[in-house]
Structure formats: structure tokens, C-alpha cells
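Residue strings, one per chain:
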Amino acid sequence: DAGVTQSPTHLIKTRGQQVTLRCSPKSGHDTVSWYQQALGQGPQFIFQYYEEEERQRGNFPDRFSGHQFPNYSSELNVNALLLGDSALYLCASSPSGQLTDTQYFGPGTRLTVL
Amino acid sequence: AQSVTQLDSQVPVFEEAPVELRCNYSSSVSVYLFWYVQYPNQGLQLLLKYLSGSTLVESINGFEAEFNKSQTSFHLRKPSVHISDTAEYFCAVSDWNSGYALNFGKGTSLLVTP
């Protein structure tokens with residue numbers, strides 16, 4: 001049983017560019033959450049997708065957007081990249097999006113903005 | 001507003017010694033509490049969680065944590081650590097106010113040496 005997968009593993013962009021990160025949830029999971037983990041910090045919640053809709057959003061600007069597809073996979077898009085967007089981006093999936101669900105994390109995508 | 005404080009950023013310990021990683025939270029409502037572990041160059045893995053019931057929860061690899069409502073704490077302990085326990089440990093909280101988002105602490109780096 002494949003766990004949560006993310007692509008690409010690493011990415012280097014320059015300021016002002018746009019980036020798309022991808023996530024495939026664990027088999028049987030329909031809910032996907034995205035987190036940003038800056039160096040030396042804990043993960044920060046960006047948003048969660050359920051039934052192809054953004055269900056909840058954290059304190060991130062509109063430059064961060066996402067999408068969930070009918071097969072439950074998800075994309076995170078970041079426009080107008082800033083140096084401060086450099087971080088590890090983690091995707092997490094859960095079986096039904098209940099508050100008590102365990103969130104299963106992928107290995108992350110390391111984004112470097114130059 | 002909900003917050004999570006991990007009181008130690010780094011904890012060095014010798015192999016086979018006991019260890020305690022401290023976590024305090026603030027919330028005005030009932031909480032769900034989690035400990036995640038992040039090994040080098042890997043994603044987050046759930047170590048254990050408290051949802052309700054017994055305040056002492058255990059993991060399969062010898063860690064345990066106790067929910068203390070009066071002290072708003074959820075400290076993680078292990079009576080005898082191994083070299084392989086070297087990793088970053090994150091405490092996380094969710095509640096009905098935060099919705100589906102996990103709110104993480106900044107992490108504690110556990111370094112086990114021979």
C-alpha cells in the first residue's frame with residue numbers, strides 16, 4: 001500500500017516565478033492538507049481540500065492556491081514567489097477529514113527560491 | 001488563540017538513558033494531542049495521539065505521553081533511548097476552534113549518543 005507521495009522532491013525557482021507541487025494521498029483517503037515547514041520550524045497549515053473544495057485555510061496569502069482532483073490527488077500553486085517561500089512543503093492525507101483522524105504525511109517537496 | 005510550546009529546542013542524551021520531551025499547549029476548549037517524529041530527510045510520522053479516555057497513551061516503540069489537563073501538558077517520555085531515536089519530535093494540537101488544522105510546536109531535536 002503506497003503512502004502519501006509528493007513530486008517533485010526538490011525544486012529551485014527564482015523570485016517572481018510560479019510553482020506547482022503535486023500530492024497523491026494514501027489509498028482510501030479523500031482529504032488532503034498542505035503544510036509549509038520553514039527551516040528550524042514546525043509545519044504551518046496552509047489549507048485543506050475535501051470533496052474537491054477548499055474546506056479550511058490557514059494564514060497564508062492568496063498567492064497560495066490549490067486544487068483537488070476527482071481521484072483525490074491535489075496540487076499546491078504558489079504565484080509570485082518570494083525568498084521567504086523557501087521551505088519544505090508537506091502534504092498530508094486523512095481518511096475522512098474528521099477532526100480525530102490521523103494525518104499521514106508525505107516526504108515533502110523542498111522548494112528553494114533564489 | 002491556540003498555541004503549542006515545546007520547551008526544549010535540543011535534548012542531548014546518552015544511549016539507554018531516559019528522556020522527556022516537554023510540550024505545553026493553550027486552548028479554551030477540549031483538545032486532541034499528537035506527537036509526530038521526523039527522521040532526517042523524511043516526512044512526519046505519527047508517534048502517538050490522545051483523543052479521549054485514558055490520559056496515558058503509548059507507542060509501539062516504547063514512547064509514552066500523558067495528557068495533563070490541569071497543567072495543559074502532553075510530555076513525551078521514553079525510559080531507555082536508542083541511537084535510532086535520534087530525530088526531530090513535534091507536538092501538535094487540534095480542537096474545534098482550529099478546525100481541521102494541526103497546530104505544531106517548533107520541534108525538539110533529540111540527539112542520542114553512545
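This write-up is about the structure you can find in this document.

Cut-off values and rules
- Residues numbered from 1 in each chain as written.
- Chains lettered and ligands numbered in written order.
- Predicted model: local features only at pLDDT ≥ 70, side-chain atom pairs only at ≥ 80, totals over all residues.
- Heavy atoms only, no water.
- Salt bridge = Lys/Arg side-chain N within 4 Å of Asp/Glu carboxyl O.
- Helix = DSSP H or I, 4+ residues; strand = E, 2+ residues; numbered from the N terminus.
- Buried < 20%, exposed > 50% of the residue type's maximum accessible area, 1.4 Å probe, protein only.
- Contact = heavy atoms within 4.5 Å.
- Buried area = accessible area lost by both parts, 1.4 Å probe.
- Polar contact = N/O pair within 3.5 Å; in protein donor to acceptor, adjacent residues only side chain to side chain.

## Focus: the pattern of salt bridges
Residue and element names in this part refer to chain B.
Part 1: On inspection of all chains with the given rule, the structure shows 8 salt bridges over all chains.
Part 2: The salt bridge partner of Glu64 is Arg77, with a shortest N-O separation of 3.8 Å. Of this pair, Glu64 sits in strand S8 (residues 64-68) while Arg77 sits in strand S9 (residues 73-78), and the two are 13 residues apart along the sequence.
Part 3: The exposure class of Glu64 is partly exposed, given its relative accessible area of 23%.
Part 4: One salt bridge in this structure joins Asp85 and Lys78, with 2.9 Å as the shortest N-O distance.
Part 5: The exposure class assigned to Lys78 is buried, which follows from its relative accessible area of 6%.

## A few points about the interface of chain B and chain A
Much of the literature gives interface size as the accessible area that the parts lose upon coming together.
Part 1: The partner chain A presents 22 residues to the 22 residues of chain B that form the contact.
Part 2: Interface of chain B and chain A: buried area, both sides summed, is about 1800 Å²; carbon and sulfur atoms make up 58% of it.
Part 3: When the buried surface of chain B facing chain A is broken down by residue, Leu44, Tyr100 and Phe104 of chain B rank first, second and third, together holding 35% of it.
Part 4: At the boundary of chain B with chain A, the tally comes to 0 salt bridges.
Part 5: The tally of links from chain B across to chain A stands at 6 residue pairs in polar contact (both at pLDDT 80 or more).
Part 6: Contributing elements (two or more residues each) for the side of chain B that touches chain A: strand S5 (31-38), strand S6 (44-50) and strand S10 (87-95) of chain B.

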